[in-house]
Amino acid sequence: MSDKVTVKKILKMKSEGKKIVMITAYDTPFARLVDQAGVDIILVGDSMSMVMLGMENTLGISLREMLVHTQAVAKAKPRALIVGDMPFMSYELGEKVAMRSAGLFAKHGAEAVKLEGGEEMVDIIKSIVKLGVPVMGHVGMTPQRFLKLGGYRLVGKKEFEAEQVIRDALAVREAGVFSVVLELVHPDVAKKITEKLDIPTICIGSGPHCDGQVLVLHDVLGLTPNPPPFAKKYVDLPSIVVDAIKRFADEVRQGVFPSQ
Ligand code: KIV
């Protein structure tokens, strides 16, 4: 499809000043729907662990689970770029492990991978890029390191933290990422990074001064009981679903469905 969103197109969107829209999806039907809505990037996020699999955090999801769901998203053949999120322990242990995991994502239909971390990830990112798989960075509040960070909190209020996030963003860019997620980064710092980088910043909970925005699909649809404060619910899907199932149940009980 000539219309297909590629890494090259994402980079061009920054130079053209076009905002990039990224959203998560974890299965074929929702990948079709978000693609119909015209998003630029579908992230098969490790947030799936929490919003789909009932886990407390993102540490528990396996590479195998991420690959199965990446393949399901790829089956939708979306126009949007498919980014597979590398789960905890699938890349940090060394370049060979990281290359193998990234290669498996590509084999399962990912057109790029995302991994968390800054300066400490430079060699890992370089090795994956050398393998031929584009990498999206993720700095600021990195949920896979929530234990070390002491929870999910805004990063960059204090000067030393702001300087570290900027160093991290510049380091992953130098290593070869084509874009970088800034999560829960102080908006002034996110603005500074966006101005400094020649690749797009895609933000979540980091204010409006970014090249793009990402949200978790289940937050947008109202499916998460305790969404983060920066998320925006655009529809109350649970009430629509419950209403439909109630009508089905009523019709079965009244003998209306199925009809002759
Ligand atoms: O897993 C995910 O959904 C993410 C986004 C929050 C960026 O990493």
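Novice: Pulling in residues and values, what's your account of the state of the cysteines?
Specialist: As enumerated under the stated definition, the model contains one disulfide in all. Each sulfur of the disulfide joining cysteine 203 and cysteine 210 lies 2.1 Å from the other. Its torsion about the S-S bond being -85°, the disulfide of cysteine 203 and cysteine 210 is classed as left-handed. A relative accessible area of 0% means that cysteine 203 is categorised as buried. With a relative accessible area of 3%, cysteine 210 lands in the buried category.

Novice: Hey, could you go over the site of the ligand for me, with residue numbers and the actual values?
Specialist: In the region of the ligand, the neighbouring residues are Thr24, Leu43, Gly45, Asp46, Ser47, Asp85, Lys114, His138, Ile204 and Val216. A distance of 2.6 Å is found between an oxygen atom of the ligand and a side-chain nitrogen or oxygen belonging to serine 47. Side-chain polar atom of aspartate 85 to an oxygen atom of the ligand: 3.1 Å apart, as the coordinates give it. About the coverage of the ligand: the protein hides 96% of its 260 Å² of free accessible area. Looking at side-chain class alone, the shell around the ligand contains three nonpolar, four polar and three charged residues.

Novice: Report on a nonpolar patch on the surface, specifying residues and quantitative values.
Specialist: There is a patch of nonpolar side chains on the surface, built from Val241, Ile245, Phe248, Val252 and Phe257 and spanning about 460 Å² of accessible area. The residue valine 241 is located in helix α11 (residues 237-253) in this model. Assessed through its relative accessible area of 40%, valine 241 is described here as partly exposed.

Novice: Give a description of the side chain of threonine 224 that names residues and reports values.
Specialist: Secondary-structure assignment places threonine 224 in the loop between α10 (217-220) and α11. Look at threonine 224 and you get buried, because its relative accessible area is 16%. Among residues more than four places away in sequence, those in contact with threonine 224 are Val51, His218 and Asp219.

Novice: Can you lay out the packing of helix α8 (residues 159-175) against helix α9 (residues 187-196) for me, pointing to particular residues and giving the numbers?
Specialist: In a packed pair of helices, the relevant descriptors are the angle between the two axes and the axis-to-axis distance. At a closest axis distance of 10 Å, the pairing of α8 and α9 adopts a crossing angle of 30°. The orientation of α8 relative to α9 falls into the category roughly parallel. Judged by the twist between their axes, the crossing of α8 over α9 is right-handed. Only Val189, Lys192, Ile193 and Lys196 of α9 make contact with α8, whose side of the interface consists of Ala162, Val165, Ile166, Ala169 and Leu170. Split by residue class, the contact of α8 with α9 holds seven nonpolar, no polar and two charged.

Novice: Run through the pairing of strand β2 (residues 41-44), naming residues and quoting values.
Specialist: With burial as the criterion, each face of β2 is covered, one bearing Ile41 and Leu43 and the other bearing Ile42 and Val44. Both strand β1 (residues 20-24) and β2 contribute to a ladder of three bridges, which runs parallel. Paired with threonine 24 across the strands is leucine 43, a residue of β2. Note that the unit made of β1, helix α2 (residues 28-36) and β2 has a crossover that is right-handed. As defined by bridge partners, β2 adjoins strand β3 (residues 81-85) across four bridges and the pair is classed as parallel.

Novice: Which residues make up the sheet that holds β2, and what are the values?
Specialist: Spatially, the eight strands close up into a barrel ordered β1-β2-β3-β4-β5-β6-β7-β8, and their pairing is parallel. Each neighbouring strand pair of the sheet contributes to a mean axis angle of 25°, computed without reference to strand direction. Contacts from α8 reach β5 (135-140) and β6 (179-183), with the element oriented near 170° to β5.

Novice: Report on helix α6 (residues 122-131), specifying residues and quantitative values.
Specialist: Residues Val122, Ile124, Ile125, Ser127 and Ile128 constitute the buried set of α6. Looking at the buried positions of α6, the neighbouring elements they touch are α5 (95-107), β4 (112-114), β5 and α8.

Novice: Which residues make up the pattern of salt bridges, and what values do they have?
Specialist: Across all of its chains, the model carries 13 salt bridges by this definition. Here glutamate 16 makes a salt bridge to lysine 12, at a shortest N to O gap of 3.4 Å. The partner of glutamate 119 in a salt bridge is arginine 167, with the nearest N and O atoms 3.7 Å apart. Residue glutamate 119 is located in the loop between β4 and α6, and its partner arginine 167 is located in helix α8; the two are separated by 48 residues in the primary sequence.

Novice: Run through the nonpolar core, naming residues and quoting values.
Specialist: By size, the foremost hydrophobic cluster in this structure holds 63 residues, and its most contacted members are Leu115 and Ile128. Per-element accounting of this core gives the leading share, seven residues, to α8. Beyond its immediate chain neighbours, meaning those up to four positions away, isoleucine 128 contacts Met86, Ala98, Met99, Ala102, Val113, Leu115, Val133 and Val135.

Procedures and definitions
- Residues numbered from 1 in each chain as written.
- Predicted model: local features only at pLDDT ≥ 70, side-chain atom pairs only at ≥ 80, totals over all residues.
- Heavy atoms only, no water.
- Disulfide = S-S within 2.5 Å.
- Buried < 20%, exposed > 50% of the residue type's maximum accessible area, 1.4 Å probe, protein only.
- Near = heavy atom within 4 Å.
- Polar contact = N/O pair within 3.5 Å; in protein donor to acceptor, adjacent residues only side chain to side chain.
- Areas by Shrake-Rupley, 256 points an atom, 1.4 Å probe, with all protein chains shown as cover.
- Nonpolar A, V, L, I, M, F, W, Y, C, P; charged D, E, K, R; others polar.
- Patch = residues over 30% accessible without salt bridge, like charges linked within 9 Å, V, L, I, M, F, W, Y side chains within 5 Å.
- Salt bridge = Lys/Arg side-chain N within 4 Å of Asp/Glu carboxyl O.
- Helix = DSSP H or I, 4+ residues; strand = E, 2+ residues; numbered from the N terminus.
- Contact = heavy atoms within 4.5 Å.
- Axes fitted to C-alpha atoms, helices over the stretch in contact; angles between N-to-C directions.
- Parallel < 35°, antiparallel > 145°, perpendicular 65-115°, else oblique.
- Left-handed = near helix turned anticlockwise from the far one by under 90°.
- Pairing = 2+ DSSP bridges.
- Right-handed = clockwise from strand over helix to strand, strands pointing away.
- Core = buried A, V, L, I, M, F, W, Y, C linked by side-chain atoms within 4.5 Å.

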